[in-house]
Amino acid sequence: MSQTPRAPQFDDLLALRVASDPQISPDGQWVAYVVTHVDREKDEYRSSIWVAPTDGGEPVQVTRGPKRDSFPRWSPDGSRLAFLSDRDGDKPQLYVMSMSGGDPQKITALVNGAGPAVWSPDGTRLAFAARVHKETPPSDKEARDRWNQRPKVITHASYKADGAGYTFDAVSQLFVIPVEGGEARQITQGMNAYGPPAWSPDGQRLAVSRTRDGVADYNISDIWTMNADGSHARPVLEAAGRAMSPSWSPDGSLIACYGTDEQEPWLGESIIRVWTVRSDGSEARNLTKDYDRGVFLVSPPLVPAGPLWSADGQTVTVAMGDRGNVGLRQVAVTDGAVQAIVGGPRWAQQASLSPSTGRLAFYAADAYAPGDVYTCRADGRDERPLTHLNTDLLSQWTLPQVERRDFKTPHGGTVEGWVILPLDGQRPAPLVVDIHGGPHSYHGTNFPHAGWYRYILAARGWAVLMLNPTGSGSYGRDFAYGIRGRWGEYDLPEQMAAVDMLVAEGVADPDRLAVTGYSYGGYMTSWVITHTDRFRAAIVGAPVVNQESFFGTSDIGRWFAPWELKGEIVPNRDVFRRLSPINTIQNVVTPTLVLHGEGDDRCPIGQGEELFVGLVAAGRVPTEFVRYPGASHLMNTIGRPSHRADYNQRVVEWVERYTTP
């Protein structure tokens, strides 16, 4: 007997099963992928590897580790899978399993764990990157505890990273290990950090991104090649900004990768290009420089795959963002022409390719589907789903209508946005303005894993506005650059114009407005409440409120703030101060909730502390401050399950508390 559909509930967020990292087999007949679910009792994630036939048969679970199995990688002949697992300790190690049966064999036992495997073309070796301490820690526990309390000597401006903590005492190096067993051999040394490697087709060389090690550098990386034993290392591409994710052409003559238009010290450029260079280091080309959209890169813990080469070496396939959508694009190597092959109102990404059969696997989600694994031909034809992970759960829900809209701006022209309408059809409805992060991220036709409160609010009679104002990604360079040096000043009028339009249409109740946002959205929420009194409730997530302190305390502040604010801090303190909401905190009349992770190194919790204490000192509004122990800046997407659930519930409770008539 079928159930009557119901509105989404808070607990539903933790019931979702999430697919990721689909890897198609060399013969194109199978796709290995990861399924992650929540262990509510342990308040942790569990993940396993599954394999689905591309002809549409039933998927099969192939690993059953007690904690997390991830990053499946096929051997060149398709007979084995290498993967990472923490089944035998706290650190992920490499395992190899036969697809014909038998227990997985543990390949590595490194102190800091291993990175995802890259098979040599002959299937005899695995290459990978792994962090190595610059100073070997003591093996004795008591001695190691004392060693961990030693003074920290910092010599480089980049010494910590969000989600990883301090990074100055360890660096990512390359290893190669025989598949049949033996010691993992470290083939690189020194202070430079290496990314995931790529084997040349003949198995003789590796291509890899390598950071520079200047004291003021932040992830300035070039593409290097070296022999498989680490010898004869040399740079082959230094023109591409922050070059990463190399991949070799089938004949080994070219290397493709991602990078920005130029190598510069500052961080903020949002348009990621596809580059190629000959393997001898000649003829570097920015393939997509004339295409005004950028490559979409996956977020941690996933690792961006390099451009996917066709068997004939004539094209590479990549994911790109366009007007709030993400789809797969084929780029011609000869002239950089870009052709859409997988599109539509959704986010299609995480692709892998079987060159010999011309078949793709990818992950896709939309506003009504949490995400599944799909396959299609290399030109996009013959698409079909391989998984239906949440069909039973989806059948229980009544989801709200999500409308894509154009909104006129006070600057002329229009911007796009999405409006989630209340399930009960009430008009006018109370409205939440939900502001995205970045600032060059973007809203779109994706499932709200990080903003589940939107659907909960819609089920309780709310409308939600998700605008892509000037500065948002996926609309080209000029649009993204439009708020540099004028955060809040330029995009707040656009947000308010969209609100006014919804009020004029009878969609939104002007007396029941709330605002929320995370990261740059937290900055903007702080800016909103210090510059207008129209909102009755505000929830500020992981904000920047003081540009000067952010500059010196964020893991990226030294490089990000000058790029975004268009100037170094010393000669431009007036700009840093003008664009800091903390300096107008006395204007706030909106009850404000501050939510922040204590382990956030991107927008450090000191920013939330300054906002909360400033609101208390001003003494004009109710305010609360919620701190999430150990949580990084990615708390709202991959943080502890109970933290994510709590965050969503507090958003809903706060807006309802202060907007109820």
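Since this is a predicted model, take the numbers as computed values, not measurements. (Residues numbered from 1 in each chain as written. Predicted model: local features only at pLDDT ≥ 70, side-chain atom pairs only at ≥ 80, totals over all residues. Heavy atoms only, no water.)

### A closer look at the overall build of the protein chain
Broken down by element type, the protein chain carries 13 helices and 38 strands. A principal-axis box enclosing the C-alpha atoms of the protein chain has dimensions of 70 × 65 × 55 Å. Considering the protein chain as a whole, with its 661 residues, one finds that 58% of them fall into the buried category. Taking the contacts inside the protein chain whose residues are at least 6 apart along the sequence as the reference set, 57% of them involve residues at least 24 apart. Of the roughly 26,300 Å² that the protein chain leaves accessible, carbon and sulfur atoms contribute 49%. Across the protein chain, the mean location of the 64 positive side-chain charges is 1 Å away from that of the 77 negative side-chain charges. (Helix = DSSP H or I, 4+ residues; strand = E, 2+ residues; numbered from the N terminus. Buried < 20%, exposed > 50% of the residue type's maximum accessible area, 1.4 Å probe, protein only. Contact = heavy atoms within 4.5 Å. Areas by Shrake-Rupley, 256 points an atom, 1.4 Å probe, with all protein chains shown as cover. Lys, Arg positive; Asp, Glu negative; His and termini not counted. Charge placed at Lys NZ, Arg CZ, Asp CG, Glu CD.)

### Quick look at empty space enclosed by the protein
The tally for this structure, following the rule as stated, stands at one cavity of 30 Å³ or more. As a volume, the largest cavity reaches approximately 40 Å³. Taken together, Ile 435, His 436, Pro 439, Leu 467, Pro 469, Thr 470, Ile 483, Asp 491, Gln 495, Tyr 520 and Met 524 make up the lining of the largest cavity. (1 Å grid on protein atoms, 1.4 Å probe; cavity = no way out; pocket = protein on both sides within 12 Å on 5 of 7 lines; lining within 4 Å. Points joined across faces, edges and corners; volume = space filled by probe spheres on them.)

### Considering the sheet that holds strand β37 (residues 592-597)
An order of β31-β32-β34-β33-β35-β36-β37-β38 is seen for the eight strands of this open sheet, with the pairing classed as mixed. In this open sheet, the two edge strands, each paired with only one partner strand, are β31 (402-408) and β38 (623-628). For this sheet the average axis-to-axis angle between neighbouring strands, irrespective of direction, equals 20°. Where strand β33 (residues 429-435) lies against strand β35 (residues 508-518), six bridges are found, and the strand directions are parallel. In the strand pairing of β35, Val 433 is matched with Val 515. Of the strands in this sheet, β33, β35, β36 (537-541) and β37 are in contact with helix α7 (residues 520-531), which crosses β35 at around 140°. (Pairing = 2+ DSSP bridges. Axes fitted to C-alpha atoms, helices over the stretch in contact; angles between N-to-C directions.)

### Considering the layout of surface pockets
To find the voids left in a structure, one rolls a probe of water-molecule size over its atoms. Each pocket or cavity is described by its volume, and for the second largest pocket that value is around 330 Å³. Surrounding the second largest pocket, 20 residues form its lining, Ala 109, Leu 110, Val 111, Asn 112 and Phe 175 being those nearest its centre. Counting only elements with at least two residues in the lining of the second largest pocket, the list comes to β10 (125-133) and β13 (170-178). When residues of the lining of the second largest pocket are assigned to their parent elements, the largest contribution, four residues, is made by β10. Tallied by class, the residues present in the lining of the second largest pocket amount to 10 nonpolar, seven polar and three charged. (Nonpolar A, V, L, I, M, F, W, Y, C, P; charged D, E, K, R; others polar.)

### Some thoughts on the side chain of Ser 245
Tracing the backbone through its elements, the reader meets Ser 245 in strand β19 (residues 241-248). Residues within four places of Ser 245 in sequence aside, it is in contact with Ala 256, Cys 257, Tyr 258, Pro 304, Ala 305, Gly 306 and Pro 307.

### Some words on the pattern of salt bridges
Per the stated rule, a full pass over the model turns up 34 salt bridges. With a closest N to O distance of 3.2 Å, Arg 80 and Glu 180 form a salt bridge. Here Glu 180 lies in the loop between β13 and β14 (185-186) and Arg 80 lies in strand β6 (residues 80-85), a separation of 100 residues in the sequence. Residues participating in the shared-partner salt-bridge network are Asp 261, Glu 269, Arg 273 and Arg 477. (Salt bridge = Lys/Arg side-chain N within 4 Å of Asp/Glu carboxyl O.)

### Quick look at the sheet that holds strand β21 (residues 273-278)
Hydrogen bonds between backbone atoms are what pair the strands of a sheet, whose relative direction is either parallel or antiparallel. Pairing is antiparallel in the open sheet, where four strands are placed in the order β19-β20-β21-β22. The strands lining the two open edges of the sheet, one partner per strand, are β19 and β22 (285-286). Both strand β20 (residues 254-260) and β21 contribute to a ladder of six bridges, which runs antiparallel. Directly across from Leu 254, in β21, lies its bridge partner Arg 278.

### Re the environment of Leu 394
Along the polypeptide, Leu 394 turns up in helix α3 (residues 391-394). By relative accessible area, which is 25% here, Leu 394 ends up partly exposed. Separated by 158 residues in sequence, Leu 394 and Gly 552 place their C-alpha atoms 45 Å apart. If we skip the residues at most four places from it in the chain, Leu 394 touches Tyr 368, Pro 370 and Leu 399.

### Quick word on the pairing of β38
With six bridges joining them, β37 and β38 adopt parallel strand pairing. Looking across to β38, one finds that Gly 597 is bridged to Tyr 628. Taken together, β37, helix α11 (residues 605-618) and β38 form a β-α-β motif whose crossover is right-handed. (Right-handed = clockwise from strand over helix to strand, strands pointing away.)

### Side note on the environment of Tyr 363
Assignment of secondary structure puts Tyr 363 in strand β28 (residues 359-366). As a C-alpha pair, Tyr 363 and Thr 637 span 274 residues in sequence and 17 Å in three-dimensional space. Beyond its immediate chain neighbours, meaning those up to four positions away, Tyr 363 contacts Ala 19, Pro 22, Trp 347, Ala 348, Gln 349, Gln 350, Pro 370, Gly 371, Asp 372 and His 449. Within the structure, the side chain of Tyr 363 is placed 3.1 Å from the backbone oxygen of Pro 370, a separation counted as a polar contact. (Polar contact = N/O pair within 3.5 Å; in protein donor to acceptor, adjacent residues only side chain to side chain.)

### A short note on α11
Spanning 14 residues, α11 covers 20 Å between terminal C-alpha atoms, matching the ideal 20 Å at 1.5 Å per step. Every buried residue belonging to α11 is among Ile 605, Gln 607, Gly 608, Leu 611, Gly 614 and Leu 615, and all of these are buried. Against α7, β36, α8 (547-553), β37 and β38 lie the buried residues of α11. Following α11 by one or two positions, Gly 619 has its phi on the positive side, about 70°. (Expected span 1.5 Å × (residues − 1).)

### Things to note about the nonpolar core
Counting 57 residues, the largest nonpolar core has Leu 431 and Leu 465 as its most contacted members. With six residues, α7 is the largest single contributor of residues to this core. Discounting chain neighbours no more than four positions away, the residues touching Leu 431 are Trp 462, Ala 463, Val 464, Leu 465, Val 499, Leu 502, Ala 508, Arg 512, Leu 513 and Ala 514. Core analysis: the second largest hydrophobic core is formed by 42 residues, Val 402, Val 432, Trp 462 and Tyr 518 among them. (Core = buried A, V, L, I, M, F, W, Y, C linked by side-chain atoms within 4.5 Å.)

### Describing α7
The periodicity of an α-helix, 3.6 residues per turn, causes residues three or four places apart in sequence to face the same way. The terminal C-alpha atoms of α7, which comprises 12 residues, lie 16 Å apart, in line with the 16 Å expected from a rise of 1.5 Å per residue. With 11 of 12 residues buried, α7 is to be regarded as a mostly interior element. Where α7 is concerned, the buried positions are Tyr 520, Gly 521, Gly 522, Tyr 523, Met 524, Thr 525, Ser 526, Trp 527, Val 528, Ile 529 and Thr 530.

### Comments concerning unusual backbone geometry
If a residue is not glycine, its phi is most likely negative; likewise, a peptide bond is most likely trans. With an omega dihedral of -10°, the bond running from Arg 427 to Pro 428 counts as a cis peptide bond. Structurally, Pro 428 can be placed in the loop between β32 (414-420) and β33. Of note, the amide linkage connecting Gly 438 to Pro 439 takes the cis form, showing an omega dihedral of 15°. Along the chain, Pro 439 turns up in the loop between β33 and α4 (453-459). Notably, Asp 21 is not glycine yet its phi reads approximately 55°, a positive angle. By secondary structure assignment, the location of Asp 21 is in strand β1 (residues 18-24). With relative accessibility at 9%, the residue Asp 21 sits in the buried group. Of note in this structure, Arg 323 is not a glycine but carries a positive phi near 55°. Take Arg 323: it is sitting in the loop between β24 (315-322) and β25 (325-332). Given the relative accessible area of 39%, Arg 323 is considered partly exposed.

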